[in-house]
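What the coordinates show
Here is how the chains run, residue by residue.
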Amino acid sequence: PPDLGCARWEQLQGLFELAARIKDVDSPVFPSKLCHFVIPNAFMVVDREAVQGSTVGYPTYWRQCRAAWSACPQKHELIDELRAVCIAAGDSVRP
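Residues numbered from 1 in each chain as written. Predicted model: local features only at pLDDT ≥ 70, side-chain atom pairs only at ≥ 80, totals over all residues. Heavy atoms only, no water.

Turning our attention to the side chain of S32. Summarising the element assignment, S32 is placed in helix α2 (residues 29–38). On the accessibility criterion, S32 (0% relative accessible area) is buried. At 2.9 Å, the side chain of S32 and the backbone oxygen of V29 are in polar contact. From its side chain, S32 meets the backbone nitrogen of V46 in a polar contact 3.0 Å long. When sequence neighbours within four positions are dropped, the list of residues in contact with S32 reads F16, F43, M44, V45, V46 and Y58. (Helix = DSSP H or I, 4+ residues; strand = E, 2+ residues; numbered from the N terminus. Buried < 20%, exposed > 50% of the residue type's maximum accessible area, 1.4 Å probe, protein only. Polar contact = N/O pair within 3.5 Å; in protein donor to acceptor, adjacent residues only side chain to side chain. Contact = heavy atoms within 4.5 Å.)

Right, let's get into helix α1 (residues 9–23). With 15 residues, α1 ought to run about 21 Å at 1.5 Å a step, and its terminal C-alpha atoms sit 21 Å apart, in line with that. Taken as a whole, α1 has its buried residues at W9, L12, F16 and A19. Turning to α1, the residues buried within the fold contact α2 and α4 (58–71). Directly beyond the C-terminal end of α1, a positive phi value near 55 degrees is found at D24. (Expected span 1.5 Å × (residues − 1).)

Let us look at the confidence of the model for the chain. Of the residues in the chain, 91% have a pLDDT of 70 or more, and the chain-wide mean is 87. Looking at the elements of the chain, mean pLDDT is at its lowest for helix α3 (residues 48–51), recorded as 71, and at its highest for α1, recorded as 95. (pLDDT = per-residue confidence, 0-100.)

Here the focus is the state of the cysteines. Taken as a whole, this structure holds zero disulfides when the rule is applied. With no disulfide partner, C35 has as its closest neighbouring cysteine sulfur the one in C65, 14 Å distant. Between C86, a cysteine without a disulfide, and C72, which holds the nearest cysteine sulfur, the sulfur-to-sulfur distance is 17 Å. Given the relative accessible area of 11%, C86 is considered buried. (Disulfide = S-S within 2.5 Å.)

Right, let's talk about the nonpolar core for a bit. Grouped together as the largest cluster of nonpolar side chains are 15 residues, with contacts concentrated most on W9, L12, F16, F43, M44, Y58 and W62. Broken down by secondary-structure element, the contributors of at least two residues to this core are α1 and α4. With four residues, the top contributor of residues to this core is α1. (Core = buried A, V, L, I, M, F, W, Y, C linked by side-chain atoms within 4.5 Å.)

Before going further, it helps to spend a moment on the packing of aromatic side chains. Throughout the structure, instances matching the rule amount to six aromatic pairs. Between F16 and Y58 the ring centres are 4.5 Å apart and the planes differ by 5 degrees, which places this aromatic pair in the stacked class. Here the residue F16 occupies a position in helix α1, and Y58 occupies one in helix α4, the gap between them amounting to 42 residues. Judged by relative accessible area, Y58 falls into the buried class, the value being 4%. An aromatic cluster is present here, built from W9, F16, F43, Y58, Y61 and W62 joined pairwise through their rings. Cation over ring: K75 sits above W69, and NZ or CZ is 5.9 Å from the ring centre. (Phe/Tyr/Trp six-rings, centres within 6.5 Å; stacked < 30°, edge-to-face > 60°. Lys NZ or Arg CZ within 6 Å of the ring centre and 35° of its normal.)

Dropping the structure here:
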């Protein structure tokens, strides 16, 4: 499955646009959540507080997140840390 490290926005754009049409709103919150549910490693969730007043659209946000993740030298350490937190939380979360 595609993930943030290898996917390009152009490969994922169709799914995001389809999700946006389901609820027919201008906000990227619903489509980002639905797409994250379908392909969690390729879509970051954005929330209302993060986008309130922002002029940056989801494609730009996605590209910024991808660039930041690609430039991050501690990917594996961060993944391991998040996995440990999820495991410690028990069945309420899945790593």
